[in-house]
Structures are given as structure tokens and as C-alpha cells.
Amino acid sequence: AQSVSQHNHHVILSEAASLELGCNYSYGGTVNLFWYVQYPGQHLQLLLKYFSGDPLVKGIKGFEAEFIKSKFSFNLRKPSVQWSDTAEYFCAVNEHTGTASKLTFGTGTRLQVTL
Amino acid sequence: DGGITQSPKYLFRKEGQNVTLSCEQNLNHDAMYWYRQDPGQGLRLIYYSQIVNDFQKGDIAEGYSVSREKKESFPLTVTSAQKNPTAFYLCASSFPGTRSYEQYFGPGTRLTVT
């Protein structure tokens, strides 16, 4: 079965610091990769996604992620975080199994940005 | 306004009672999903449905049941057989097949069973 690892469970950064959150998955075939964000009291929403093509994908609010197939990784980055980025971040992987669209989520990383 | 609605936002039940969580979408999505979110465990798939009148078990289906009688609706029943039902429940929907696999999420229902 597919598994997704997020190694950082809780990250605390000061405003303007750079961010990198790790995500590794286990499936060796064709995958779609996602980062979702859950701001306090809000819906889980899509931050960015990779389907094919350029392995460096850009999302909303200045976030980007790089797909490195050889390392089974899809790390999330942001050059300069803001207090409003305080949220929980989830990496997710969808493996191609016919028409099924099943996502496997990581355990999440709680990001706390201090002023 | 297109989206997914879940009601109620908070739900309290006594142990031994079945409870049904509502999920409705007006996005015209074929596929719908139920996840359970627990602190430190991420989201775990309970059930999913790709078309009306069809659904499959996810990774943690024991103690739960679903129905899919309408495209827009995918209610989840938490039965008394679920050993640890207190959790945050999220409903999602997507287009299946070769279209985007992106899932759209509702606001969630926090269920507390005492």
C-alpha cells in the first residue's frame, strides 16, 4: 500500500524565515502529488499539485514544491514565511489505479510562524 | 456558490448510539469521499464512491456505513460498533477518471461521543 511520510511534525519559524517541509512517498509508479493546507478554522484547501511536466510547481501564496522522482520526494518550500502561513500542511499522493482517485495523506506538519 | 456542505459543524452523541453525518455537494462531481482526521495521524480514508449506488471501503471502514442514492449526497453513519468515534470528519469530492484527481473538501464535522 502507498505510504506518505512527513518528517517534520511541528515547525516553528520567525517571520521572513525560509521554509522547507519534507514529503516522501513509497509508490514507484506514476503518481500525482499534492500539498494541502488547513488554516485554523478553515477548510482543507489545495496549495499546489504536480501531475506531469516541469517538476518545479508553483502554488498559491508564494509556495512551490519540487518533485524529485529518484528520491520519491515532493518537498514544499517558501522563501519567506508570513505570520498568516501558520497552519497545518498535508502532503498527499494519488496513485493511478484505473479510474479510482484515492489520495493517501501524510500525517501533517503544523507550522507556527512567530512575529 | 459551488462547494461542499457538511452539517452540523459540531455533533455530540452518547456511546451506543448511531449517528449520521451529512455531506452535500453542488460541484457536479461524480466521486465523493469520507475521511477521518485525528491529531498526528493525518487524514485516513473511510469510504469512497465513484458513482451513484456504488461505494468502496477505504482503509478504516470498520464501524462505519455509507449510502450514495444521489449524486449530490454521501451521508456517513458512525455506528455503535466504531470503537473510537470521536474525531473530525471530512467529506470531499472530485471528478474521477482521467480528469483532475484534485479533491475538494468540506468544512468538516467534529463528532464527540461520550
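One can find the structure itself at the top, above this paragraph.
Described below are features of the structure shown in this document. Residue positions are counted from 1 within each chain, in the order its sequence is given. Whichever chain is written first becomes A and whichever ligand is written first becomes 1, with later ones labelled in order. For this predicted model, a pLDDT threshold of at least 70 governs which residues receive local features, and a threshold of 80 or more governs which side-chain atom pairs are given and counted, while totals over whole chains, interfaces and linings are taken from all residues. Side-chain figures throughout are based on the complete set of non-hydrogen atoms in the structure, without hydrogens or water.

1. A look at the overall build of chain A
Then step 1. Along its length, chain A carries 0 helices and 12 strands.
Then step 2. Helix numbering and strand numbering both begin at the N terminus, where a helix is a DSSP run of H or I of at least 4 residues and a strand a DSSP run of E of at least 2. For chain A, the succession of helices and strands along the chain, N to C, is β-β-β-β-β-β-β-β-β-β-β-β.
Then step 3. Computation of the radius of gyration draws on C-alpha atoms alone. For the globule rule, the value is 2.2 Å times the number of residues to the power 0.38. The C-alpha radius of gyration computed for chain A amounts to 14 Å, which stays within 12% of the reference 13 Å derived for 115 residues, consistent with globular compactness.
Then step 4. Taking the principal axes of its C-alpha atoms as reference, chain A extends roughly 45 × 30 × 20 Å.
Then step 5. The rule is simple: take the accessible area with a 1.4 Å probe, protein chains only, and divide by the maximum for that residue type; under 20% is buried, over 50% is exposed, in between is partly exposed. Per-residue burial for chain A yields a buried fraction of 47% across its 115 residues.
Then step 6. The criterion used for residue contact is that any of the two residues' heavy atoms lie within 4.5 Å. At a minimum sequence separation of 6, the contacts of chain A that also span at least 24 residues come to 55%.
Then step 7. Only four residue types enter the tally: Lys and Arg on the positive side, Asp and Glu on the negative side; His and the chain ends are excluded. A single reference atom marks each charge: NZ on Lys, CZ on Arg, CG on Asp, CD on Glu. Distance between charge centres in chain A, computed from 9 positive and 8 negative side chains, equals 4 Å.

2. Observations concerning the interface of chain A and chain B
Then step 1. In this complex, chain A contributes 22 residues to the contact, which on the side of chain B involves 23 residues.
Then step 2. Accessible area that two parts lose when put together, with a 1.4 Å probe and added across both, is what the buried area reports. A buried area of about 1,800 Å², summed over both sides, lies between chain A and chain B, and 54% of it is on carbon and sulfur atoms.
Then step 3. Definition used for salt bridges: Asp or Glu carboxyl oxygen within 4 Å of a side-chain nitrogen of Lys or Arg. Linking chain A with chain B are 1 salt bridge.
Then step 4. Among the salt bridges present, the one from A:K49 reaches B:E102, with a minimum N-O distance of 3.0 Å.
Then step 5. Throughout this description, a polar contact denotes any pair of N or O atoms lying within 3.5 Å of each other; where both atoms belong to protein, one of them has to be capable of donating a hydrogen while the other can accept it, and for residues adjacent in sequence the pair is counted only when both atoms sit in side chains. Our count for the contact surface shared by chain A and chain B stands at 5 residue pairs in polar contact (both at pLDDT 80 or more).
Then step 6. Only strand 5 (31–38), strand 6 (44–50), strand 10 (87–95) and strand 11 (103–105) of chain A provide two or more residues apiece to the side of chain A that touches chain B.

3. What about the sheet that holds strand 3 (residues 19–25) of chain B?
Residues and elements named next belong to chain B.
Then step 1. A pair of strands is treated as paired once DSSP finds two or more bridges between them. Across the sheet, 4 strands lie side by side as 1-3-8-7; this open sheet has antiparallel pairing. Each edge of the open sheet carries a strand with a single partner, namely strand 1 (4–7) and strand 7 (64–66). Across the sheet, the axes of successive neighbouring strands diverge by a mean angle of 20°, strand direction being ignored.
Then step 2. Strand direction decides the pairing type here: strand 7 and strand 8 (residues 76–78), joined by 3 bridges, are antiparallel. When the bridges of strand 8 are listed, S65 appears paired with T77. Axis angles are defined between N-to-C directions and span 0 to 180 degrees, where every axis is a line fitted to C-alpha atoms and, for a helix, only to the segment in contact.

4. Some points on the nonpolar core
Then step 1. Among the nonpolar cores identified, the biggest contains 28 residues, and A:L33, A:W35, A:L47, A:L48, A:F74, A:L76 and A:Y89 are the most heavily contacted of them.
Then step 2. Among the secondary structure elements, those contributing two or more residues to this core are strand 2 (10–14), strand 3 (19–21), strand 5, strand 6, strand 8 (64–68), strand 9 (73–78), strand 10 and strand 12 (109–114) of chain A. Put simply, buried Ala, Val, Leu, Ile, Met, Phe, Trp, Tyr and Cys residues joined by side-chain atoms within 4.5 Å make one nonpolar core.

5. Considering the packing of aromatic side chains
All names here are of chain A.
Then step 1. Ring pairs are drawn from Phe, Tyr and Trp, using the six-membered ring of Trp, whenever the two centres fall within 6.5 Å, and their geometry is named by plane angle: stacked under 30 degrees, edge-to-face over 60, tilted for the rest. Applying the stated rule across the entire model yields 15 aromatic pairs over all chains.
Then step 2. A ring pair is formed by Y25 and F72, whose centres lie 5.6 Å apart and whose planes are at 70°; its orientation type is edge-to-face. Linking Y25 in strand 4 (residues 24–25) with F72 in the loop between strand 8 and strand 9, this pair joins segments that are 47 residues apart in sequence.
Then step 3. The class of Y25 is buried, set by a relative accessible area of 6%.
Then step 4. Judged by relative accessible area, F72 falls into the partly exposed class, the value being 31%.

6. Describing the pattern of salt bridges
Then step 1. Evaluation of the coordinates by the stated rule reveals 9 salt bridges over all chains.
Then step 2. As a salt-bridge pair, B:D30 and B:K71 come within 3.4 Å of each other at their nearest N and O atoms. Of this pair, B:D30 sits in the loop between strand 3 and strand 4 (31–38) while B:K71 sits in the loop between strand 7 and strand 8; the two residues are 41 residues apart in sequence, bridging distant segments of the chain.
Then step 3. We classify B:K71 as partly exposed; its relative accessible area is 24%.
Then step 4. Look at the salt bridges and you will find they share partners, linking A:K58, A:E64, A:E66 and A:R77 into a network.

7. A look at the environment of B:G58
Then step 1. Take B:G58: it is sitting in the loop between strand 6 (54–57) and strand 7.
Then step 2. Discounting chain neighbours no more than four positions away, the residues touching B:G58 are B:L45, B:I46 and B:Y47.

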